[in-house]
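Examination of the molecular architecture
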Amino acid sequence: MEYILILLAVACFAAQFAFTKLYEGAAGQTATASLVMLVGTSLVGSLIFFCAGGFSVSFSPISTLWAAIFAVIMIPYYMIGIKVLSLGSLAIYSMFMMLGGMLVPFFYGILFLSESITVGKAAGTVLLTVFIVLQAVWQKSSDSEKKGGKTKYLFFILCLVIFFINGMTGVIAKAHSISIGAVDEASFTATYCAMTAILSLLILLISCLKSGREKAKVIKGALKTKPLAVMALLGAAAYGGNFLQLLAADKVPASVQFPLVSGGVIVLSALVSALIFREKISKKEWISVAGAFVSTFLFAF
């Protein structure tokens, strides 16, 4: 049952990438538009899981602490992501993001939860890492102008930050699930969604004090019917995936769950790009996707 939950989480995360692309096309790829997206999607997530929890939310000191940490890291995660994409390759950024989501929880499980390393896990980790790197190397680079040396250094520094932040989201999910006194998953998700929305709104309001007119235009555009509809779907997919991960986290080892999610997202996101957005994927990229798909099965052994 837990592995079915993981597969459903993978489907949600693949849908999240698709809805994010649709939102950026409708509202733009600016920091202000992203903050509006964070407020909207977080409110949707909080409402969904408030209803899922029987219209009530439970609180505990440890869960509130983890929820606050989760909310704090989600904001720079999205904001840094926008900056990274303006400095360098999407392929390299995606590689760092996926590797962080896989490797940081993997080693957390091995080092702090005494999870065993099997031959299958070791082989799966190596192969999945190789195929993720190959996917980034083989992906067609953009025709953007070459950046200067300082910009390249900044790009890779920010990619490293994204590596650890994305990995920490998995660590927090696992750490909360095994914490003594932790609340149920629906209450935890509703709480960190609400905290993320509040913090994002405060940052948005403060930023509007400096250049209100310019940002007001962006906010007005992001609150039109199409961006709002995509925002709602994005919130349901993103936080639905996180919720499903939480349900599986207390029974599936972190060194298995998060590599499976990373590998599965690679495969489904490639299919979404090819079938829905009609993006051309080269034979080499399909080899990388197929390799990632095969690698994920090794984590079961």
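Since the structure is predicted, the reported quantities are computational estimates derived from the model, not experimental observations. (Residues numbered from 1 in each chain as written. Predicted model: local features only at pLDDT ≥ 70, side-chain atom pairs only at ≥ 80, totals over all residues. Heavy atoms only, no water.)

**Some points on the overall build of the chain**
Which entries qualify depends on this criterion: Counting from the N terminus, the helices are the DSSP runs of H or I reaching at least four residues and the strands are the DSSP runs of E reaching at least two. Burial status follows relative accessibility: with a 1.4 Å probe on protein chains alone, a residue under 20% of its type maximum counts as buried, one over 50% as exposed, and anything between as partly exposed. Each accessible area value is a Shrake-Rupley result obtained with a 1.4 Å probe; residue values ignore everything except the protein chains displayed when judging cover.
Secondary structure assignment for the chain yields 11 helices and zero strands. Each helix and strand of the chain, placed in order from N terminus to C terminus, yields the pattern α-α-α-α-α-α-α-α-α-α-α. For the chain, with 301 residues in total, the buried portion stands at 50%. Summed over its atoms, the accessible surface of the chain is roughly 14,900 Å², and 72% of this surface lies on carbon and sulfur atoms.

**What to know about the packing of aromatic side chains**
Applicable threshold: Ring pairs are drawn from Phe, Tyr and Trp, using the six-membered ring of Trp, whenever the two centres fall within 6.5 Å, and their geometry is named by plane angle: stacked under 30 degrees, edge-to-face over 60, tilted for the rest.
In this structure the tally under the stated criterion is eight aromatic pairs. Where Phe49 meets Phe243, the ring centres are 4.6 Å apart and the plane angle is 45°; that geometry is what we call tilted. Taken as a pair, Phe49 in helix α2 (residues 31–52) and Phe243 in helix α9 (residues 225–249) lie far apart in primary sequence, 194 residues in all. Taken together, the aromatic side chains of Phe70, Phe188, Tyr192 and Tyr239 make up a single cluster linked through ring pairs.

**Quick word on the side chain of Thr196**
Heads up, the rule is: Throughout, a residue-residue contact means that at least one pair of heavy atoms, one from each residue, lies within 4.5 Å.
Considering the arrangement of structural elements, one finds Thr196 in helix α7 (residues 185–208). If we skip the residues at most four places from it in the chain, Thr196 touches Leu38, Ser42, Ala71, Met74, Ile75 and Tyr239.

**A look at α2**
Keep this limit in mind: Any helix carries an expected span of 1.5 Å times its number of residues minus one.
For α2, spanning 22 residues, the distance from its first C-alpha to its last is 31 Å, which sits close to the expected 32 Å at 1.5 Å a residue. Among the residues trailing α2, Gly54 stands out with phi positive, at a value near 80°.

**Considerations on unusual backbone geometry**
Among all residues save glycine, negative phi is the norm, and among peptide bonds the norm is trans. Of note, the phi angle at Phe55 is positive, near 60°, even though the residue is not glycine. Mapped onto the fold, Phe55 is located in the loop between α2 and α3 (61–87). Overall, the relative accessible area of 58% leaves Phe55 in the exposed class. In the Ramachandran plot, Ser114 falls in the positive-phi region, its phi being about 55° despite a non-glycine side chain.

**So, the packing of α7 against α9**
We apply this condition: Each axis is a line fitted through C-alpha atoms, taken for helices only over the stretch in contact, and angles between the N-to-C directions span 0 to 180 degrees. In this scheme, a crossing is called left-handed if the near helix is turned counterclockwise away from the far one by less than a right angle; it is called right-handed if the turn is clockwise. Think of it as three bins: nonpolar holds Ala, Val, Leu, Ile, Met, Phe, Trp, Tyr, Cys and Pro, charged holds Asp, Glu, Lys and Arg, and polar takes everything else, Gly as well.
At a minimum axis distance of 10 Å, the contact between α7 and α9 shows a crossing angle of 145°. Crossing angle aside, the handedness with which α7 passes α9 is right-handed. In this structure, α7 uses Glu185, Ala186, Phe188, Thr189, Tyr192, Cys193 and Thr196 to contact α9, whose residues at the interface are Tyr239, Asn242, Phe243, Leu246 and Leu247. Looking at the contact of α7 with α9, its residues break down into eight nonpolar, three polar and one charged.

**Section: the nonpolar core**
Soluble globular proteins tend to bury their nonpolar side chains together. For clarity, the threshold we go by: Buried Ala, Val, Leu, Ile, Met, Phe, Trp, Tyr and Cys residues form a nonpolar core when they are joined through side-chain atoms within 4.5 Å.
In this structure, Tyr23, Val36, Tyr77, Phe188, Tyr192 and Ile266 are the most contacted members of the largest nonpolar core, which totals 59 residues. Leave out the neighbours within four places in its chain, and Tyr192 touches Ala67, Phe70, Ala71, Tyr239 and Asn242.

**Some thoughts on the confidence of the model for the chain**
What counts is decided by this rule: Each residue carries a pLDDT score, the predictor's own confidence in it, on a scale running from 0 to 100.
Confidence in the prediction of the chain, expressed as mean pLDDT, is 81, and 87% of residues score 70 or more. The secondary structure element of the chain with the lowest average pLDDT is helix α10 (residues 254–275), at 73, and the one with the highest is α7, at 91. Between residues 141–146, whose pLDDT stays under 50, and residues either more than four places distant or in other chains, the model counts zero contacts.

**A look at a nonpolar patch on the surface**
Let me state the cut-off plainly: Note that patches include only residues with greater than 30% relative accessible area and no salt bridge, and the join distances are 9 Å for like charges and 5 Å for nonpolar side chains (Val, Leu, Ile, Met, Phe, Trp, Tyr). The term salt bridge refers to a pairing of a side-chain nitrogen on Lys or Arg with a carboxyl oxygen on Asp or Glu at a separation within 4 Å.
Among the surface-exposed residues, Val72, Ile198, Leu199, Leu201, Leu202 and Leu205 lie close enough to one another that they form a single nonpolar patch of about 530 Å² accessible area. Ranked by residue count, the leading element in the nonpolar patch is α7, at five residues. Within the element layout of this structure, Leu199 appears in helix α7. Since its relative accessible area comes to 32%, Leu199 is described here as partly exposed.

**A short note on the environment of Val218**
Relative to the helices and strands, Val218 is located in helix α8 (residues 212–222). Ignoring any residue separated from it by four or fewer positions in sequence, one finds Val218 in contact with Thr30, Thr32 and Ala33.

**Quick look at helix α1 (residues 2–27)**
Counted at 1.5 Å a residue, the expected span for α1 with its 26 residues is 38 Å, and the 36 Å between its end C-alpha atoms agrees. Regarding α1, the residues found buried are Leu5, Ile6, Ala9, Val10, Cys12, Phe13, Ala14, Gln16, Ala18, Thr20, Tyr23 and Ala27. Positive phi appears at Gly28, one or two residues downstream of α1, with a value of about 100°.

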